[in-house]
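# Secondary and tertiary structure notes
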Amino acid sequence: MIELRGVSKHYDGTLALCEIDLEIRAGEVHAICGENGAGKSTLNRILAGSVVPDSGVVLLDGKPLKFGSVKDSEANGISMVHQESAAFLHLSAIENHEIMREPSMACGIWIDRNEMRKRTLSSLKSIGEEFDVDRPLLDRSVAQRQIVAIARTLSSDCRLLILDEPTSSLSARESEALFAAIRSMRERGVAVLYVTHRLDEVFLLSDRVTVLRDGRKVATKITCETNREELIKLMVGRTIDSAIRQTKTFGAPELVVTNLCKSGSYEDVSFNLRKGEIVALTGLVGAGRSEVARAIFGLDKLDSGEILGANGAAFVPEDRQHEGLHTQLNIRENIAMALQDRPLIQRDLEKLVSESQIESLSIKTESDMNLVSSLSGGNQQKVLLAKWLATDPDNLVLDEPTRGVDVGAKEQIHKLIHKFAESGGAVLVISSDMPEVLSLADRILVMRQGTISGEISGAEATQEAILELALPIESASQVAVNTNSRSWISQETVVATLILLVGAIAALVNPSFLSWTNLSDILVKTAPVLIVGSMMTLVILAREIDISIGSLMGLCAVVLGIACSTDRMRLPIFVGVGMCLGAGIIGGILNGILVSKAKIPSIIVTLGMLTILKGVTELLMGGKWIENLPNGLRQFGTGAFLNVPYSIWIALVAVSAGIWITKRTSFGLRVFAIGSNPDAAALRGVPSTRIRIGVFALIGLACGVAALFGATQLQVIESGFGSGFELAVIASVIVGGTSIRGGQGSVFGTVLGAILLGMISTVLIFLKLGESAIYWERAIQGGLILLAVLGDHFWRKGKSA
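The paragraphs below set out a description of the structure included in this document. (Residues numbered from 1 in each chain as written. Predicted model: local features only at pLDDT ≥ 70, side-chain atom pairs only at ≥ 80, totals over all residues. Heavy atoms only, no water.)

Burial within helix α27 (residues 725-735) is extensive, with ten of its eleven residues counted as buried. By the burial criterion, the buried members of α27 are Phe725, Glu726, Ala728, Val729, Ile730, Ala731, Ser732, Val733, Ile734 and Val735. (Buried < 20%, exposed > 50% of the residue type's maximum accessible area, 1.4 Å probe, protein only. Helix = DSSP H or I, 4+ residues; strand = E, 2+ residues; numbered from the N terminus.)

Listed below in C-alpha cells is the structure:
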C-alpha cells in the first residue's frame, strides 16, 4: 500500500535519513526499531506530512504522495500519534479530539459542538476510557493526554496508522485496550506503523519489523523469524549485557521523607534513601508518585510533613518538553543551565561541561551549539540527565528516566544510575516500566491511591507481588487522587465582583453615577475599546500582540476625514467609509504578513508600525486639523437608535462577533490551538500562517470601525486621535482574564475588563482630580495589568501543582 523509495533528509548538516526504501502492506503491523537518532521520528513525520524530505518519493497505491501537508496526508488516510503528546493543554479533550476535523456548516463558520462531544465520547469508549471530556487537558495526566490523541487517531477513517511510542505514558490496562484496537484495525485491513523501544511489544503485535541505525535501513525481518537478541544487535551493532544484581551495602540515610501530605494527591508518605541505594517508587498512573517527587524537589508545596537532605537533590521530570528542557536554547546552554548561579555566565565552563557530558552520555549531535529541539527524544532525555549530573548532586530523583528511550540508551542510563549509586549517591526512580523496576531497584516502594501500600526488596520482588500492592481497592478512607483538584475562582468572576463593588461605592458617594445618562456616557466612552478589544482578544489568544492599534486608528480617522471633508477631497460618505475600513484592514494584514511570513516577533513589528503610521498620519494632515466634516458623516458618532448611540450598538455587534468567532467557528478554535501549543499546531496541520494573518486583519478592521464611530463624535479630527488607545485595549483584555502567554481567555472577560476600566475612569472624574485624572487612570490601568499578569502566573503555577 505504501512504498518509500530513496527517501533522505538532513537537518543542519546532520543526516537523519539516508536512501530509505520501505514497503508497508495493507493489514499488517509493521514495527520500526532503532536507537534514538536512528531516524524513526523523521520517517514518521515525512509520512504524516509535517516534514518534507530532501529527496526520494513516497507512493500510496502506486501514486506519489504530496509532501509537507498534514491535511493532505490525513485526507489520504494517514494518521499519526506523536511520541511527545501534541496536546493543546488549555483546550478540552473534545476540542483536542476534534480540531482540524470539526463538524461544521458553511465552511467552518458554525461548528457543531454537540456532535463533537458525541464523537469524542464514542471514540474514548471504544478503547475502554471514560472521563470528563469538557475539562482542559491541563487538568489531565500525561497518560490521559496521550489517550485522547490515540482515540482521535483510531476514530478516523485511516488506512495507515502511525504510532510513535504510544504506550510510553500508558498503564498496563490502557496499553491492553490499545493493543486490542490495533488488532481490530489490522483485521479491517488498516496498516499500522508501530514505532517502539519496547521489544516485547514488537513481538506481541507486529508481523514484520524494520531496523534503522544512524539514518539507514539495516534490515527488515519477519517478526516470528527473529528474536530479541538479533534485533538488539541490529539496532546497536553490538551485544547488550544484561544487568547482574550484586549484593550491596548501604550507608546512612541521605534523604528522609516523613509523613508527607497534600490534599487530593497523597497522604502519610514516609521513606528514606540510603547512600549507595537505588529505590524505585512505582504504582499505577495517578497513584501520586510524580507528585511526591515534585514535592521532594520543592516544586510543589506540602500541606504537612518533613523532608531532610533534599538540598543536594537533582530532579529529572517526566515531561521533558515542558518541564525539563529549554527547547529554544542550544544543547550547551541546556546542559549548563543548572550551573548558572553567578552574576556572569562563564562561557568557558559551559563549553567544558557540555563537551564532557556529551561524551559521557554519548549524545548524538554534530555540535553542542545546535538547538536541543533538533535532537531525537532519547538524546533530549540524555541532555536533561546531563544538566543535573553536571551539578554533582548528592541524590537523584528520576521520574520515568527512560521513557521513550531505546535499548542502547536505556542501558547507558542504567549504567549511569548504578555508577552514581556506587559513588555513594542515593537514587529515587519513579517508573512504570516493570522490567526496569525489577532489574534496577535495590528496594521497591509501591503507591496505591496516594499512599504507600507496601515495600519489597529488589531481590524478592516479582511483577505479581508489585501489581497486587498497586491495584486500587474500594475504600472510603483512601485518598482519591486528583492532581488538580484545587478549586479556582475565575478572573472573570473577580472582575465582575470589582465592577459591582466600584459601582456600589460610586453610587453611595454620588447617586447620579447610576443614572442612564452617566451609564450611557461610560458605554459610549468604552465602545471603541470594546470594538477593538474583542479582536485584540483573538490576537493575544494566538500568542501575539498589537501595540500599533492607536496609530492605526489615527491613520484610519485621517483617511476618513481627508476623503469626506468639504475642505479636502469631498468624496461621497460611503467611499470615505470604505477607505477608512480598507486602511485598517491593509494595516492589519501587513502586520500579520510580517509576523507570520517574515517570522518577526509581533511586539517588534507593531512597535515599528506604530512609529511609521504616526509619521504617515502627520504627513497626510500637513500640520492641520481636519475640519468641516459633513453632517451625514458625523451621524456615525452622534446618532442614536432607540435612544441608544450607534457606537454602543456597534460595540454590541463587535462583542457578539468576537464571542461567536471564539466559541462557534473553526477559525476561533484554531486560534486557541496556536496560542496553547504552536508546535502541536504545526504537527496537527493547523494553518498557523493564515490564522495569524486573519487575526491581525480582524483587528485592523476593528480599528477602522472604531475610528469611524469615535473620530466623528467631534467636529474636527485631531492629530492625536487614537494616541495611547493601545494601553486601554490591552489593559481590558489582560484584566479580563486573557493570558498574555496565549491559548486562554474570552471575549466576555474583555468586556468586563473594559467596563471596569471605564467605570474607574468616570469615578476619577467624579472625584474632581482635574488634569491629574488622566495620570491616575493610566497608573491604575498599568497596575491592573500587572496584577492580572501576576494572577495568571500564579494560576498556572497552581495548576501545574
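Turning our eyes to something else, we now look at the packing of aromatic side chains. Using the criterion set out here, one finds four aromatic pairs in the structure. Centroid distance Phe297 to Phe315: 5.5 Å. Interplanar angle 35°. Geometry classified as tilted. Pair noted here: Phe297 is in the loop between α9 (289-296) and β16 (304-308) and Phe315 is in strand β17 (residues 313-316), with a separation of 18 residues, a long-range link. Residue Phe297 is classed as partly exposed on the basis of its relative accessible area of 28%. The structure contains a cluster of three or more aromatic residues connected by ring pairs, namely Phe297, Phe315 and Trp388. (Phe/Tyr/Trp six-rings, centres within 6.5 Å; stacked < 30°, edge-to-face > 60°.)

Pairing in this open sheet of four strands is antiparallel, and the strands run β2-β1-β4-β5 from one edge to the other. One side of each edge strand has no neighbouring strand; the edge strands of this open sheet are β2 (14-24) and β5 (63-64). Looking at chain direction, strand β4 (residues 55-60) and β5 are connected through two bridges and run antiparallel. Within β5, the residue paired with Leu60 across the bridge is Lys63. The strands touched by helix α1 (residues 40-48) are β1 (2-11), β2 and β4; relative to β1, the strand with the most contacts, the crossing angle is about 120°. (Pairing = 2+ DSSP bridges. Contact = heavy atoms within 4.5 Å. Axes fitted to C-alpha atoms, helices over the stretch in contact; angles between N-to-C directions.)

Strand order in the open sheet formed by three strands is β14-β13-β16, and the pairing between neighbours is antiparallel. This sheet does not close on itself; its edge strands, each paired only once, are β14 (266-274) and β16. Mean inter-strand twist for the sheet, computed between neighbouring axes without regard to direction, equals 5°. Judged from the four bridges that link them, strand β13 (residues 253-262) and β16 form a sheet pairing that is antiparallel. Across the sheet, residue Val257 finds its bridge partner in β16, namely Ile307.

On to the nonpolar core. With 129 residues, the main nonpolar core has Leu154, Ile182, Tyr194, Val532, Met536 and Ile549 as its most contacted residues. The next biggest cluster of nonpolar side chains, apart from the first, holds 29 residues, and it includes Ile278, Trp388, Val405 and Ile417. (Core = buried A, V, L, I, M, F, W, Y, C linked by side-chain atoms within 4.5 Å.)

Right, let's talk about the environment of Lys221 for a bit. Position of Lys221 among the secondary structure elements: in strand β12 (residues 216-222). A sequence separation of 13 residues divides Lys221 from Arg208, and the C-alpha atoms of the two residues are 5.6 Å apart. For Lys221, the side chain forms a polar contact with the side chain of Glu230, separated by 3.2 Å. (Polar contact = N/O pair within 3.5 Å; in protein donor to acceptor, adjacent residues only side chain to side chain.)

Let us look at the state of the cysteines. Throughout the structure, instances matching the rule amount to zero disulfides. With no disulfide of its own, Cys556 lies closest to Cys580 among cysteine sulfurs, the gap being 4.8 Å. The buried category is assigned to Cys556, whose relative accessible area is 0%. Cys703 forms no disulfide, and the closest cysteine sulfur to it belongs to Cys556, at a distance of 6.4 Å. (Disulfide = S-S within 2.5 Å.)

Right, let's talk about helix α17 (residues 491-509) for a bit. Residue pairs spaced three or four apart in an α-helix point in one direction, given the helix's 3.6 residues per turn. Relative to the 27 Å expected for 19 residues at 1.5 Å per residue, α17 spans 27 Å between its end C-alpha atoms, a close match to the ideal helical length. Within the span of α17, buried status applies to Val495, Ile499, Val502, Gly503, Ala506 and Ala507. Burial along α17 is one-sided: seen end-on, the buried residues are contained in an arc of 125°. For α17, the exposed residues set more than 90 degrees away from the buried face come down to Leu500 and Leu508. Buried residues along α17 sit against α27 and α28 (747-766). (Expected span 1.5 Å × (residues − 1). Arc of directions from axis to C-beta.)

For the rest of this paragraph, the subject is unusual backbone geometry. Non-glycine residue Asp268 carries a positive phi angle of around 55°. Secondary-structure assignment places Asp268 in strand β14. For Lys599, which is not a glycine, the phi torsion comes out positive at approximately 60°. Tracing the backbone through its elements, the reader meets Lys599 in the loop between α20 (573-596) and α21 (602-621). The exposure class assigned to Lys599 is exposed, which follows from its relative accessible area of 62%.

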